[in-house]
Amino acid sequence: MNITVQSIKFNADQKLIEFIKKRSEKLNQFFDNIIEGACYLRLENVEDEANKIVELKFNVPGSQLFAKAQAKTFEEATDIAIESIRRQINKHKTKTRTNLSNHKEILNQEEEF
């Protein structure tokens with residue numbers, strides 16, 4: 001899987017980029033058909049300490065998964081967003097399995113006629 005990391009209005013540290021890529025690669029354990037991914041890092045101008053925002057977008061066959069997380073550190077926000085994407089992957093897999101099994105049932109019923 002290819003993932004691009006873009007930091008908006010600041011320069012991201014190479015360690016942070018490697019951390020994001022390493023965590024994103026772990027999603028292949030759950031779903032190996034991820035085509036590509038994009039990560040956007042932003043700093044928001046607020047008084048709150050939790051001003052780091054991570055947006056993740058992954059393209060999978062037939063769908064696009066998106067997660068946005070805000071936390072005190074980019075690492076923490078990345079973990080939250082990756083967990084959200086993992087849950088979306090499980091939902092996507094369940095949905096596609098259900099659709100595939102329904103399609104097979106319809107084909108079997110047509111063959112009986």
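Definitions and limits used
Starting from 1, residues in each chain are numbered consecutively following that chain's sequence as written. Side-chain atom pairs in this predicted model are given and counted only at pLDDT of 80 or more, local residue features only at pLDDT of at least 70, and totals for whole chains, interfaces and linings cover all residues. No hydrogens and no water enter the side-chain calculation; it runs on all heavy atoms of the structure. The numbering of helices and of strands both runs from the N terminus, where a helix is a DSSP run of H or I of at least 4 residues and a strand a run of E of at least 2. Between the two quantities, the radius of gyration covers C-alpha atoms and the globule rule is 2.2 Å times the number of residues to the power 0.38. For accessible areas, the Shrake-Rupley method is used with a probe of radius 1.4 Å. Any residue's cover is judged against the shown protein chains and nothing else. Only four residue types enter the charge count: Lys and Arg as positive, Asp and Glu as negative, with His and the chain ends excluded. Charge coordinates come from a single atom per side chain, which is NZ of Lys, CZ of Arg, CG of Asp or CD of Glu. Accessibility here uses a 1.4 Å probe with only protein chains present; expressed as a share of the type maximum, an area under 20% marks a residue as buried, one over 50% as exposed, and anything in between as partly exposed. Any pair of residues with heavy atoms lying within 4.5 Å of one another is described as a contacting pair. Between the rings of Phe, Tyr and Trp (Trp by its six-membered ring), a pair exists once the centres lie within 6.5 Å; its type follows the angle of the planes, with under 30 degrees stacked, over 60 edge-to-face, and the other angles tilted. A ring is considered to have a charge above it if a Lys NZ or an Arg CZ atom is located within 6 Å of its centre and within 35 degrees of its normal. Here, a salt bridge means any side-chain nitrogen of Lys or Arg that lies within 4 Å of a carboxyl oxygen of Asp or Glu. A strand pair is defined by DSSP finding two or more bridges across the two strands. Inter-axis angles, ranging from 0 to 180 degrees, are taken between N-to-C directions of lines fitted to C-alpha atoms, where helices are fitted over the stretch in contact.

- Identification of the protein as Ribosome-associated translation inhibitor RaiA from Sphingobacterium zhuxiongii is taken from an unreviewed UniProt entry.

## Here's the deal with the overall build of the protein
Inference 1: The secondary structure content of the protein amounts to 2 helices and 4 strands.
Inference 2: The secondary structure elements of the protein, listed N-terminal to C-terminal, are β-α-β-β-β-α.
Inference 3: Radius of gyration (C-alpha) of the protein: 18 Å, far over the 13 Å computed for a compact globule of 113 residues.
Inference 4: Counting only C-alpha atoms, the protein reaches 65 × 25 × 20 Å along its principal axes.
Inference 5: Here the protein has roughly 7,700 Å² of accessible surface; of this, 46% comes from carbon and sulfur atoms.
Inference 6: In the protein, which carries 18 positive and 18 negative side-chain charges, the distance between the mean positions of the two groups comes to 3 Å.

## Overview of the environment of Glu36
Inference 1: With respect to the helices and strands, Glu36 occurs in strand β2 (residues 36–43).
Inference 2: What makes Glu36 partly exposed here is its relative accessible area of 39%.
Inference 3: For the pair formed by Glu36 and Asn11, sequence separation is 25 residues and the distance between their alpha carbons is 22 Å.
Inference 4: Apart from the residues lying within four places of it in its own chain, the contact partners of Glu36 are Met1, Asn2, Lys57, Phe58 and Asn59.

## Some remarks on the packing of aromatic side chains
Inference 1: Counted according to the given criterion, the structure contains 1 aromatic pair.
Inference 2: Measuring from ring centre to ring centre gives 5.5 Å for Phe10 and Phe74, while their planes differ by 15°; the resulting arrangement is stacked. A residue pair is termed long-range when its members are at least 10 positions apart, and Phe10 in the loop between β1 (2–7) and α1 (14–25) and Phe74 in helix α2 (residues 74–112) qualify at 64 residues.
Inference 3: We note Arg86 situated over the ring of Phe30; from NZ or CZ to the ring centre the distance is 5.5 Å.

## Some details on the pattern of salt bridges
Inference 1: One pass over the full model with this rule turns up 6 salt bridges.
Inference 2: The partner of Glu83 in a salt bridge is Arg87, and the shortest N-O contact between them spans 3.9 Å. Of this pair, Glu83 and Arg87 are both found in helix α2, 4 residues apart, which corresponds to roughly one turn of the helix.
Inference 3: The class for Arg87 is partly exposed, based on a relative accessible area of 44%.
Inference 4: In the salt-bridge network here, residues are joined through shared partners; they are Arg42, Glu55 and Lys68.

## Some words on the sheet that holds β2
Inference 1: Strand order in the open sheet made by the 4 strands is β1-β2-β3-β4, with mixed pairing throughout. The open sheet terminates on both sides in strands that have one partner only, identified here as β1 and β4 (63–71). Strand-to-strand twist of the sheet, defined as the mean angle between neighbouring strand axes without regard to direction, takes the value 15°.
Inference 2: As defined by bridge partners, strand β3 (residues 52–60) adjoins β4 across 9 bridges and the pair is classed as antiparallel. Looking at β4, one finds that Phe58 is bridged to Leu65.

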